[in-house]
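Listed below, chain by chain, are the residues.
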Amino acid sequence: MGLDIYAGTLTRYYAHNWKTVVQQWAEENGYSFHRLTPNGQSDNSEEEPSPAEIQAAVEKWRDQMLAAISQPGQAPYTPWPEDNERPYYTDKPDWDAFGAMLLVAACQVYGEPVPPTVEKDWDFAACPTVARLAEDQERVWSLFRGAAWWLPLSDAMMFQGPMPNNNMTIFSTTGGLRKELEWLNQLAWQADEDTILLWSETEGYPTDGIIPPDGKISKADIREHTQYNTQSLAKFAFSIFWRAMRFAEEQRVPILLDY
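Bear in mind that the values here come from a model prediction, so they are computed numbers and not experimental data.

### With respect to the pairing of strand 5 (residues 159-162)
Phase 1 of the analysis: The alternating pattern of strand 5 places Phe159 and Gly161 on a buried face and Gln160 and Pro162 on a face that is not buried.
Phase 2 of the analysis: Pairing geometry for strand 5 and strand 6 (residues 168-173), over 4 bridges, is antiparallel. Along strand 6, the bridge assignment pairs Pro162 with Met168.
Phase 3 of the analysis: The antiparallel pairing of strand 5 with strand 6 creates a hairpin that spans 5 residues between the two strands, and Asn166 there sits at a positive phi of about 75°.

So this is what it looks like as structure tokens:
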């Protein structure tokens with residue numbers, strides 16, 4: 001399974017009224033694309049609820065969630081807006097780049113050298129340095145603790161709870177994600193925002209091959225990369241997460257990992 005990031009309303013997400021960057025590329029270049037969910041079924045199921053029904057269910061879940069995490073004696077959190085039309089942001093860091101970002105963070109925290117490369121499809125969770133920070137009780141990062149959702153709240157927190165479909169996940173907040181990303185940037189790169197935003201275009205995965213205009217390509221035309229530059233992948237993923245965080249703050253929408 002690949003890894004996409006989505007920042008937008010939950011109504012759009014559950015109504016499938018959004019397209020991954022791969023879907024967008026396929027449509028722009030005249031290719032068919034069928035996206036499968038983790039259980040192997042197509043996104044386009046029959047007899048799905050209408051967007052209005054989805055929005056009502058999401059708003060009910062949102063209000064219950066915000067009430068549950070509100071602190072006693074403090075004003076309740078303001079609900080974020082939900083509809084099926086607000087803009088969204090999406091991109092595809094994929095797991096290798098996400099893992100590289102975590103590896104750079106862990107190496108910087110513990111003063112270890114960053115490995116120059118990572119293997120394609122590497123198991124970053126099994127990396128001792130990454131695992132060390134994931135288990136560190138003094139440094140609790142949502143990125144290392146399995147968070148898959150960041151709610152549009154300025155307060156930094158992390159908790160486990162049900163998603164609108166009743167599946168359990170780990171939640172954090174955009175305020176918490178901002179602090180983690182700012183800390184990582186300070187540790188590793190000290191880059192300004194303009195530079196960070198460019199990384200999603202200038203860094204990342206090397207090109208394995210270019211599809212010619214006629215769409216015909218042979219294996220001889222493809223150079224398969226089995227190793228990636230760690231810092232380049234980390235910067236690429238960091239830029240995508242930074243863009244998602246900034247978009248979520250501006251639009252007051254959640255961030256989700258989609259895989």
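Now, onward.
### Brief notes about the sheet that holds strand 2 (residues 89-91)
Phase 1 of the analysis: Taken in spatial order, the 6 strands make up an open sheet running 2-1-8-4-6-5, and their pairing is mixed. Of all the strands in the sheet, just strand 2 and strand 5 have a single pairing partner and so form its edges. Going from strand to strand, the sheet's axes swing by 30° on average, the running direction of each strand aside.
Phase 2 of the analysis: One ladder, built from 4 bridges, connects strand 4 (residues 147-151) with strand 6; its direction is parallel. Paired with Trp150 across the bridge in strand 6 is Ser172.

### What about the side chain of Ser70?
Phase 1 of the analysis: Looking at where Ser70 falls in the secondary structure, it is placed in the loop between helix 3 (51-69) and strand 2.
Phase 2 of the analysis: Here the side chain of Ser70 touches Leu66 through a polar contact of 2.6 Å, landing on its backbone oxygen.
Phase 3 of the analysis: Ignoring any residue separated from it by four or fewer positions in sequence, one finds Ser70 in contact with Pro76 and Tyr77.

### Digging into the pattern of salt bridges
Side chains bearing opposite charge may pair, as long as their charged atoms lie close to each other.
Phase 1 of the analysis: Within the structure shown, the criterion is met by 10 salt bridges.
Phase 2 of the analysis: Here Glu182 and Arg178 are joined by a salt bridge, their closest N and O atoms 2.8 Å apart. Here the residue Glu182 and the residue Arg178 both occupy positions in helix 6 (residues 174-188), the gap between them amounting to 4 residues, near one helical turn.
Phase 3 of the analysis: Arg246 is the partner of Glu193 in a salt bridge, and the nearest nitrogen-oxygen pair spans 2.3 Å. Placement of Glu193 in helix 7 (residues 193-202) and of Arg246 in helix 8 (residues 230-251) is noted, with a sequence separation of 53 residues between them.
Phase 4 of the analysis: Owing to a relative accessible area of 29%, Glu193 belongs among the partly exposed residues under this scheme.
Phase 5 of the analysis: Classification of Arg246 by relative accessible area gives partly exposed; the value is 24%.
Phase 6 of the analysis: Beyond isolated ion pairs, a larger network of salt bridges with shared partners links Asp4, Lys92 and Asp94.

### Observations concerning the packing of aromatic side chains
Phase 1 of the analysis: Taken as a whole, this structure holds 27 aromatic pairs when the rule is applied.
Phase 2 of the analysis: Between the aromatic rings of Trp199 and Phe238, the centroid separation amounts to 6.3 Å while the plane-to-plane angle is 65°, which identifies the pairing as edge-to-face. Within this pair, whereas Trp199 is found in helix 7, its partner Phe238 is found in helix 8, the two being separated by 39 residues in sequence. By the burial criterion, Trp199 is buried, and Phe238 matches it.
Phase 3 of the analysis: By way of ring pairs, the aromatic residues Trp95, Phe98, Trp122, Phe124, Trp150, Phe241 and Tyr259 are connected into one cluster.
Phase 4 of the analysis: The aromatic ring of Tyr110 is capped on one face by Arg132, whose charged end is 3.7 Å from the ring centroid.

Calculation rules
Residues numbered from 1 in each chain as written. Predicted model: local features only at pLDDT ≥ 70, side-chain atom pairs only at ≥ 80, totals over all residues. Heavy atoms only, no water. Buried < 20%, exposed > 50% of the residue type's maximum accessible area, 1.4 Å probe, protein only. Helix = DSSP H or I, 4+ residues; strand = E, 2+ residues; numbered from the N terminus. Pairing = 2+ DSSP bridges. Axes fitted to C-alpha atoms, helices over the stretch in contact; angles between N-to-C directions. Polar contact = N/O pair within 3.5 Å; in protein donor to acceptor, adjacent residues only side chain to side chain. Contact = heavy atoms within 4.5 Å. Salt bridge = Lys/Arg side-chain N within 4 Å of Asp/Glu carboxyl O. Phe/Tyr/Trp six-rings, centres within 6.5 Å; stacked < 30°, edge-to-face > 60°. Lys NZ or Arg CZ within 6 Å of the ring centre and 35° of its normal.

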